[in-house]
Amino acid sequence: MYRPAAVTRRRNPLGAFLLPPSAFFIRFNFPFWRLVFLVAGILQENKGMENGPERKVEGKREEKMRFCVTGATGYIGSWLVNTLLQRGYMVHATLRDPEKAAHLLPSWSSCDRLRLFKADLLNEGSFDEAVKGCNGVYHVAASMEFNVMATENIEAYVQSNIIDPAIKGTLNLLKACLKSKTVERVVFTSSISTITAKDSLGRWRAVVDESCQTPIDHVWKTRVGGWVYVLSKLLTEEAAFQFAKENGIDLVSVITTTVGGPFITSSVPSSIRVLLSPITGEPEFFSILSAVNSRMGSLALVHIEDICNAHIFLMEQAKAEGRYICGVQSYQMSELINHLAKVYPCSNIQRLVEEECGSAPSEICSKKLNDLGFNYKYGLEDIIQQTINCCLDHGFLPQIRR
Ligand SMILES: NC(=O)c1ccc[n+]([C@@H]2O[C@H](COP(=O)([O-])OP(=O)(O)OC[C@H]3O[C@@H](n4cnc5c(N)ncnc54)[C@H](OP(=O)(O)O)[C@@H]3O)[C@@H](O)[C@H]2O)c1
């Protein structure tokens, strides 16, 4: 997708140091050995890429590609920022709470190519500075509200307090992309919660692909665990595609399955708490796993490194279009829970009543992404092992004696 820009943007030699008022630029020195690893990493990662981190302008000067990542303090956002930096790109990372970045800075390598911007989806114009001059935007940020306390008029409450702000926030960002005149593509982080394995008659589908969208009215009616999140992702994505179509924005979405593996955030990400809920017994997260089981009959997983690579892959592939499911494989809940119990044996493992799916659970299919040329690096065993190791390191799971 990276056609040489028709209009050459002049680069101010001091540009990197001149900051818009809402932004602050963080640099720090890091040891030489880390630089060697970093460069080696960039060379390794760039093998086979369609485009490197730089592009020629006017056939002479090389300009670094620049990307904005929203939700940089979150699980996927923080890892994506790191991956982009390792690949040699300039990164504009947006966050709501600058204090959260202090913890992440030591993990984000090469901070001389990183700019941090304070931005909130709820504030109009908040992303204008962050998006300015970027070639592409990864829209990862989203409210992770799963449920709400029962109120008198719950539908009106959810609509005005969760859905409307979520949609408005995403449109704010897309408007900033339009204003920038430099953004060539937006990659939107969607969710497998927008997909269902059941057809309109409630029968299990053998294969679940991007067309199997969860019906919005069904979510409103049933309100099973995590329903607020499901609605907000469904309606935000729908509004984003609509706005993109009307305004000529190239938008691609990554239908993200449950993400596991290591994390660099200071707290344990929600998706990890959902994944580990059979061993931690956390009721709020176990109820989400249970809702997924009812909707999908299985759990599709993806490693954090693979989901970030998929985002970058979809930004770079000229032919990418529409929505792409990204998950290495789907596993029957019993298989997944057995695997968790094997890696982390504990006495009070929670089990789910297995949904009756016929002879085999539906296959959650990432064929569209595979056909475009994407390859996964990690399978179930790596995901579970690395998730548990990271949680043990963080003290989220107590050490067990074997
Ligand atoms: N992880 C998964 O398994 C999974 C699966 C499917 C889809 N997804 C999607 O992936 C994306 C990232 O998820 P995650 O797992 O990384 O969750 P996360 O760790 O909770 O990150 C969410 C990020 O969004 C930011 N955010 C929330 N509301 C915002 C607002 N009003 N303005 C600006 N930023 C806001 C948060 O900022 P603060 O740090 O300030 O709270 C945080 O950085 C979401 O779109 C989610 O729906 C994730």
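Residues numbered from 1 in each chain as written. Predicted model: local features only at pLDDT ≥ 70, side-chain atom pairs only at ≥ 80, totals over all residues.

Focus: the overall build of the protein
Moving on, step 1. Check the secondary structure of the protein and you find 14 helices and 15 strands.
Moving on, step 2. Burial statistics for the protein: of 402 residues in total, 43% are counted as buried.
Moving on, step 3. Within the protein, contacts between residues separated by at least 24 positions form 77% of all contacts whose residues are at least 6 apart in sequence. (Helix = DSSP H or I, 4+ residues; strand = E, 2+ residues; numbered from the N terminus. Buried ≥ 20, exposed ≤ 12 C-beta atoms within 10 Å, placed from the backbone. Contact = placed C-beta atoms within 7 Å.)

Quick word on helix 12 (residues 333–343)
Moving on, step 1. Buried within helix 12 we find Met333, Leu336, Ile337 and Leu340. Relative to the axis of helix 12, the buried residues are bounded by an arc of 95° and lie together on one face.
Moving on, step 2. On the buried face of helix 12, the contacting elements are helix 9 (277–280), helix 10 (283–296), strand 12 (299–303), strand 14 (329–331) and helix 14 (380–393). (Arc of directions from axis to C-beta.)

Some remarks on the confidence of the model for the protein
Moving on, step 1. Confidence in the prediction of the protein, expressed as mean pLDDT, is 83, and 82% of residues score 70 or more.
Moving on, step 2. Throughout residues 1–50 the model reports pLDDT below 50, and contacts reaching past four residues in sequence, or to other chains, amount to 50 contacts. (pLDDT = per-residue confidence, 0-100.)

Considerations on the site of the ligand
Moving on, step 1. Taken together, the neighbourhood of the ligand is formed by 28 residues, with Gly71, Gly74, Ala142, Ser191 and Ser271 sitting nearest.
Moving on, step 2. Counting residues per element, the ones that place at least two in the shell around the ligand are helix 2 (75–86), strand 8 (185–191), strand 11 (258–260) and helix 8 (270–275).
Moving on, step 3. When residues in the shell around the ligand are grouped by element, the largest group, 3 residues, is from helix 2.
Moving on, step 4. The residue inventory of the shell around the ligand, partitioned by class, reads 11 nonpolar, 12 polar and 5 charged. (Near = placed C-beta within 6 Å. Nonpolar A, V, L, I, M, F, W, Y, C, P; charged D, E, K, R; others polar.)

Re the nonpolar core
Moving on, step 1. The biggest cluster of nonpolar side chains holds 107 residues, and the ones touching the most others in it are Val69 and Val91.
Moving on, step 2. Tallying contributions element by element places helix 7 (residues 227–247) first for this core, with 9 residues.
Moving on, step 3. Filtering out sequence-adjacent residues up to four positions away, Val69 remains in contact with Gly77, Leu80, Val81, Val91, Ala93, Thr94, Tyr138 and Val140. (Core = buried A, V, L, I, M, F, W, Y, C linked by C-beta atoms within 7 Å.)

A look at the sheet that holds strand 11
Moving on, step 1. Taken in spatial order, the 3 strands make up an open sheet running 11-12-14, and their pairing is mixed. Edge positions in the open sheet fall to strand 11 and strand 14, since each of these has one partner strand only. On average, each strand axis in the sheet is tilted by 45° relative to the strand beside it, whichever way the strands run.
Moving on, step 2. Pairing of strand 12 with strand 14, which is carried by 3 bridges, proceeds in the antiparallel orientation. Bridge pairing in strand 14 places Leu299 opposite Tyr331.
Moving on, step 3. Contacting strand 11 and strand 12, helix 11 (residues 304–316) runs over the sheet at an angle of about 80° to strand 12. (Pairing = 2+ DSSP bridges. Axes fitted to C-alpha atoms, helices over the stretch in contact; angles between N-to-C directions.)

So, the pairing of strand 13 (residues 322–326)
Moving on, step 1. Burial within strand 13 is extensive, with 4 of its 5 residues counted as buried.
Moving on, step 2. With 5 bridges joining them, strand 10 (residues 251–256) and strand 13 adopt parallel strand pairing. Bridge pairing in strand 13 places Ser253 opposite Arg323.

Focus on the packing of helix 5 (residues 154–180) against helix 7
Moving on, step 1. At a minimum axis distance of 9 Å, the contact between helix 5 and helix 7 shows a crossing angle of 30°. At the point where helix 5 passes helix 7, the crossing takes the right-handed sense. Facing helix 5, whose interface residues are Val158, Ile162, Ile163, Ala166, Ile167, Thr170, Leu171, Leu174 and Leu178, helix 7 presents Val228, Leu231, Ser232, Leu235, Thr236, Ala239, Ala240, Phe243, Ala244 and Asn247.
Moving on, step 2. Per-class residue counts for the contact of helix 5 with helix 7 are 15 nonpolar, 4 polar and no charged. (Left-handed = near helix turned anticlockwise from the far one by under 90°.)

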